[in-house]
Amino acid sequence: MGGWRDMSAEALEDQYSPSRWSPRLDRDTIIDAHLAVTAAGTERARASAQTSLHVPYGKGDGEKLDIYFPTDHSGTFPVLVYIHGGYWQCLSKDESGFAAPPLVSQGVAVVAVGYDTAPRGHMDTMVLQVRRSLAFLVEQYPEIRGIYLCGHSAGAHLAAMVLFTDWTEFHVVPDIKGAVLVSGVYDLEPILHTYVNDALNMSREVAQRNSPMRHVAPAVPAACEVLVVVAQHDSPEFRRQSQEYSQALRAAGWSVSLLDLASVDHFDVIEKLSENSYILTQVILNMISRA
Ligand SMILES: N[C@@H](CC(=O)c1ccccc1NC=O)C(=O)O
């Protein structure tokens, strides 16, 4: 976990700026393009699927989720819970439904979870909120048969934290059957030394306590199948984090695959989930149908 310690501040900043690594778009336009594409995809999903939007899972303003129901939902159904990225400080559930169309047409519900981003939300709060959203779903929707987590970037980090939850205080144990972690960050320590922490304001202790890499231990039972996905054009640091995290999980007895997707960057690696023909869409559908 150590190479980053030898980097200059500028180099580290570069490595943790996903917008600087795409051969497709330049750094000043790629984030806006990502917002536009995911917002349009979400609008399309909301227009075509049956939905329950802004469902409160807690008392806080930010504690709401959107449900995209399967086209045929007379019986039980699996659910993919999508946790958005945005470096724990931007984006929201309102542009996070774009992955729904190919899934709902195959009988899978999609839930886009909202959480309080920084500076309003603290790292501990975000992790707790996502955990509570799962407990809520299990209690409120008995039709759900099997939960699959999918998170992008900061959302992959939050999904990974959910895998290491002691559910006793939540009074329910969600049946998490799989997790798809896309271009995530699993060790938060390097982030402390970058602009990313300006809004997050994490101490070293908070960063360590919320680093999935530090929770991988053989003592934690291997709960579900994990797919760690990384983009060809993610930065070397992002690629290293995915490699090391997947190796650590495997060494601890988890069933893990590392999927290194060619020809995509940090942003279109997730945007393309709106397409039925995208390889990751098919891999996810396959994971769900095998269970
Ligand atoms: N300032 C960051 C922004 C960023 O990382 C980001 C933006 C939108 C969606 C996901 C992102 N990355 C991780 O959560 C960058 O340089 O790309």
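Residues numbered from 1 in each chain as written. Predicted model: local features only at pLDDT ≥ 70, side-chain atom pairs only at ≥ 80, totals over all residues. Heavy atoms only, no water.

The following threshold applies: UniProt positions are given in the numbering used here, feature names are shortened, and annotations may be inferred rather than shown by experiment.
Going by an unreviewed UniProt entry, the protein carries the name Kynurenine formamidase and comes from Pipra filicauda. UniProt, in its Catalytic activity (unreviewed entry) section for the protein, records the words "N-formyl-L-kynurenine + H2O = L-kynurenine + formate + H(+)". Under the heading Subunit (unreviewed entry), UniProt records this for the protein: "Homodimer."

Topic: the overall build of the protein
Which entries qualify depends on this criterion: Labels follow the DSSP assignment, with helices taken as runs of H or I lasting at least four residues and strands as runs of E lasting at least two, numbered in each case from the N terminus. Each radius of gyration reported is based on C-alpha atoms, and the globular scaling rule is 2.2 Å times the count of residues to the power 0.38. Think of it in three bands: residues with accessible area under 20% of the maximum for their type are buried, residues over 50% are exposed, and the middle band is partly exposed, with areas taken using a 1.4 Å probe on protein chains only. Only heavy atoms enter the contact rule, under which two residues are in contact if any of them lie within 4.5 Å. For accessible areas, the Shrake-Rupley method is used with a probe of radius 1.4 Å. Any residue's cover is judged against the shown protein chains and nothing else. The positive count covers Lys and Arg only, the negative count covers Asp and Glu only, and His and the chain ends enter neither. Working definition for charges: the position is that of NZ of Lys, CZ of Arg, CG of Asp or CD of Glu.
A count of helical and extended segments in the protein gives ten helices and eight strands. Taking 19 Å as the expected radius of gyration for a compact globule of 291 residues, we find that the protein reaches 18 Å, a close match to that expectation. On the principal axes, the C-alpha backbone points of the protein span a range of 55 × 40 × 35 Å. Burial statistics for the protein: of 291 residues in total, 56% are counted as buried. A separation of at least 24 residues holds for 76% of the contacts in the protein among residues at least 6 apart in sequence. A total accessible area of about 11900 Å² is found for the protein, and carbon and sulfur atoms account for 50% of it. Between the centroid of the 22 positive side chains of the protein and the centroid of its 34 negative side chains there is a distance of 4 Å.

Some words on the packing of aromatic side chains
Counted only if it meets this: Any pair of Phe, Tyr and Trp rings, taking the six-membered ring for Trp, is counted once the centres come within 6.5 Å. Such a pair is stacked with planes under 30 degrees apart, edge-to-face with planes over 60 apart, and tilted for the rest.
Using the criterion set out here, one finds nine aromatic pairs in the structure. Aromatic side chains Phe164 and Trp254 sit 5.6 Å apart centroid to centroid with 55° between the ring planes, which places their arrangement in the tilted category. Remark: Trp254 occurs in the loop between α8 (236-251) and β8 (255-265) and Phe164 occurs in the loop between α5 (154-163) and β6 (176-182); sequence separation between them is 90 residues. One exposure class covers both Phe164 and Trp254, and it is buried. What links up through ring pairs into an aromatic cluster is the set Tyr87, Trp88 and Tyr195.

Re the nonpolar core
Heads up, the condition is: Definition of nonpolar core: a set of buried residues of the types Ala, Val, Leu, Ile, Met, Phe, Trp, Tyr and Cys, connected through side-chain atoms within 4.5 Å.
Counting residues in each nonpolar core, the largest one holds 67 residues, and the members touching the most others are Val81, Trp88, Leu149 and Leu181. Ignoring any residue separated from it by four or fewer positions in sequence, one finds Val81 in contact with Val111, Val113, Leu134, Leu137, Ile147, Tyr148, Leu149 and Cys150. If you look at the next biggest cluster of nonpolar residues, it comprises 30 residues, including Ala45, Tyr68, Val269 and Leu273.

Side note on the site of the ligand
As a reminder of what qualifies: To be near a molecule or strand, a residue needs just one of its heavy atoms within 4 Å of it. Here a polar contact is taken to be a pair of N or O atoms separated by no more than 3.5 Å, where protein atoms must pair a possible hydrogen donor with a possible acceptor and residues adjacent in sequence count only if both atoms sit in side chains. Amino acids outside the nonpolar list (Ala, Val, Leu, Ile, Met, Phe, Trp, Tyr, Cys, Pro) and the charged list (Asp, Glu, Lys, Arg) are all regarded as polar, and Gly is one of them.
Within the structure, the ligand sits among 14 residues, and Ser19, Gly86, Tyr87, Ser153 and Tyr195 are positioned closest to it. Here an oxygen atom of the ligand sits 2.7 Å away from a polar atom, N or O, in the main chain of Tyr87. In this structure, Tyr195 approaches the ligand through a side-chain N or O atom, which is 3.0 Å from a nitrogen atom. Protein contacts shield 91% of the accessible area of the ligand, which totals 410 Å² for the unbound molecule. Tallied by class, the residues present in the shell around the ligand amount to seven nonpolar, seven polar and no charged.

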